[in-house]
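# An overview of the molecular structure
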Amino acid sequence: MHFMDGYGFTDDESLVQEVYRRFQEDTRLNRSQAARVEFLTNVRYIERYVRPGDRILDVGAGAGEYSLYFGRRGYQVSALELADSNIAAFRKKLGPEDTIDLVQGNAMDLSRYEDASFDSVLVFGPLYHLHEDGDKLRCIAEARRVCKPRGKLFFAFISNDVVFLTMFREQPDYFAKGDYDKETFRLDDFPFVFHTVPRCRALLEQGGVPILHEVASDGLSELMAKEINEMDEDSYAQYLRYHFYLCEKPECLGMSNHLLFVGEN
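Residues numbered from 1 in each chain as written. Predicted model: local features only at pLDDT ≥ 70, side-chain atom pairs only at ≥ 80, totals over all residues. Heavy atoms only, no water.

### Observations concerning helix H6 (residues 163-170)
Using the following cut-off: Relative accessibility thresholds used throughout: buried, under 20% of the residue-type maximum; exposed, over 50%; partly exposed, between the two (1.4 Å probe, protein chains only). Each helix corresponds to a stretch of at least 4 residues labelled H or I by DSSP, and each strand to a stretch of at least 2 residues labelled E; elements are numbered beginning at the N terminus. As used here, the arc belongs to the directions running from the helix axis to the C-beta atoms. We call two residues in contact when some of their heavy atoms are within 4.5 Å.
Taken as a whole, H6 has its buried residues at Val163, Phe164, Thr166 and Met167. Seen along its axis, H6 keeps its buried residues to an arc of 165°; they face one direction. Where H6 is buried, its residues contact strand E5 (147-159), helix H7 (174-177) and strand E6 (194-195).

Structure below.
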């Protein structure tokens, strides 16, 4: 959290720009075995539902990790991203063979896309940054509008509850002095917005999204990063199998840095 020292919050859009000027999103999902768990988990769930020829919209595409993965496997991918630095990093990765339609824009306004024009819509960043419930619901409504009937919707959240432990690892006095409500254990929503599992569920239900899967997309992988990164290939493969075994268990959902909710339109 303290990498944002010296920046005063003004509005969500300017905060997003500043976060990604300071934060290395370009390598977040691929820099190590531990970091890769979130990506591999999300891809695993997306691949349950996509079919050859499907159109995928990646809203809040970051530096392009998911767009490039699916675009290079033959899917028709459109990507929308707000942050200038992420757009620049994404464009550097595009080769002559890539046909991804990359544009800069806001997740609350997908008016460039027609109603019911995508088979799957990924929303893997916007809900990390929208503070007001009305804005979150507008983002969800726009994702639903552009998704086909019976199409699949994938929403990522940053989990409120396990961040305490990952912060404690970095900041030994975090429980005494950390940025959270000492009675409710609610994290301060700066620079990211945090959600508990029940809050994610309630938000999507309010937005009219039937939930198919609730997933601890990286579990304790960030907390255990040193040990996971030292695993050999066989151990890491078995760790992933263990993680996939656990990741939908209700008792494990709160103990994850990131959450994935899969819904149907």
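From this point, things continue past the structure.
### Re the pattern of salt bridges
Here is the rule we go by: Whenever Lys or Arg places a side-chain nitrogen within 4 Å of a carboxyl oxygen from Asp or Glu, that contact is recorded as a salt bridge.
Scanning the model with the defined rule gives 17 salt bridges in all. Note that Arg145 is salt-bridged to Asp115, the shortest N-O span being 2.6 Å. In this pair, Arg145 sits in helix H5 (residues 133-146) while Asp115 sits in the loop between strand E3 (101-104) and strand E4 (118-123), placing the two residues 30 residues apart along the sequence. Residue Glu264 is joined to Lys152 by a salt bridge in which the shortest nitrogen-to-oxygen separation is 3.0 Å. Of this pair, Glu264 sits in strand E8 (residues 258-264) while Lys152 sits in strand E5; the two residues are 112 residues apart in sequence, bridging distant segments of the chain. Among the residues examined, Lys152 registers a relative accessible area of 12% and is labelled buried. Through salt bridges with shared partners, a single network forms among Glu18, Arg21 and Arg22.

### Remarks on the packing of H5 against helix H8 (residues 197-206)
Stated formally: Only the stretch in contact is used when a helix axis is fitted, and all axes are lines through C-alpha atoms; the angle between N-to-C directions ranges over 0 to 180 degrees. The cut-offs work like this: below 35 degrees is roughly parallel, past 145 is roughly antiparallel, 65 to 115 is roughly perpendicular, and the gaps in between are oblique. Handedness of a helix crossing follows the sense of rotation of the near helix relative to the far helix, less than a right angle counterclockwise being left-handed and clockwise being right-handed. We call Asp, Glu, Lys and Arg charged. Ala, Val, Leu, Ile, Met, Phe, Trp, Tyr, Cys and Pro are nonpolar, and the rest, Gly among them, are polar.
Closest axis-to-axis distance for the H5/H8 pair is 9 Å, and the angle between their directions is 60°. Compared by their axis directions, H5 and H8 come out oblique. The handedness of the crossing between H5 and H8 comes out as right-handed. Contacts from Asp133, Lys136, Leu137 and Ile140 of H5 reach H8 at Arg199, Leu203, Leu204 and Gln206. Per-class residue counts for the contact of H5 with H8 are 4 nonpolar, 1 polar and 3 charged.

### Things to note about the side chain of His195
As a reminder, the rule being used: Whenever a nitrogen or oxygen atom comes within 3.5 Å of another N or O atom, the pair is scored as a polar contact, on the condition that within protein one atom can donate a hydrogen and the other can accept it, and that pairs from neighbouring residues in sequence are kept only if both atoms are in side chains.
Looking at the secondary structure, you find His195 in strand E6. At 3.1 Å, the side chain of His195 forms a polar contact with the side chain of Lys136.

### Here we look at helix H2 (residues 33-46)
For the record, the criterion: By this rule the span expected of a helix is its residue count minus one, scaled by 1.5 Å.
Over its 14 residues, H2 runs 20 Å from end to end, which matches the ideal 20 Å to within 8%, given 1.5 Å per residue. Here H2 lies mainly inside the structure; 10 of its 14 residues are buried. Within H2 the residues assigned to the buried category are Ala34, Ala35, Val37, Glu38, Phe39, Thr41, Asn42, Val43, Tyr45 and Ile46.

### As for unusual backbone geometry
In this structure, Pro191 follows Phe190 across a cis peptide bond, with omega equal to 0°. Even without being glycine, Ala116 reaches a positive phi, approximately 50°. Residue placement: Ala116 occurs in the loop between E3 and E4. Notably, Arg150 is not glycine yet its phi reads approximately 70°, a positive angle. Along the chain, Arg150 falls in strand E5.

### Some thoughts on the packing of H2 against helix H10 (residues 233-246)
Their axes nearest at 11 Å, the elements H2 and H10 cross at an angle of 50°. Classified by the angle between their axes, H2 and H10 sit oblique to one another. Crossing hand, H2 versus H10: right-handed. Contacts between H2 and H10 involve Gln33, Arg36, Val37, Leu40, Thr41 and Arg44 from the former and Tyr236, Tyr239, Leu240, His243 and Phe244 from the latter. Counted by class, the contact of H2 with H10 contains 6 nonpolar, 3 polar and 2 charged residues.

### Some words on the pairing of E5
To keep it simple, the criterion reads: Only when DSSP finds a minimum of two bridges between them are two strands counted as paired. Note on handedness: a clockwise path from strand one over the helix to strand two, with the strands aimed away from the viewer, defines a right-handed crossover.
For E5, the buried fraction is high: 10 of the 13 residues fall into the buried class. Relative to E5, E4 runs parallel, the two being bridged by 5 bridges. Along E5, the bridge assignment pairs Leu122 with Phe154. Once you follow E4 into H5 and on to E5, the crossover reads as right-handed. Pairing of E5 with E8, which is carried by 7 bridges, proceeds in the antiparallel orientation.

### Details of the nonpolar core
The cut-off we apply is this: Note on terminology: a nonpolar core comprises buried Ala, Val, Leu, Ile, Met, Phe, Trp, Tyr and Cys residues joined through side-chain atoms within 4.5 Å.
Ranked by size, the top nonpolar core spans 44 residues in total, and within it Ile46, Tyr66, Phe70 and Phe124 carry the most contacts. Mapped by element, the contributors of at least two residues to this core are helix H1 (12-22), H2, helix H3 (65-71), strand E2 (76-81), helix H4 (84-93), E5, H6 and E8. Once residues within four sequence positions are removed from consideration, Tyr66 is found in contact with Leu29, Glu38, Phe39, Asn42, Val43, Ile46, Asp58, Leu122 and Phe124. If you look at the next biggest cluster of nonpolar residues, it comprises 31 residues, including Val123, Leu127, Cys139 and Cys147.

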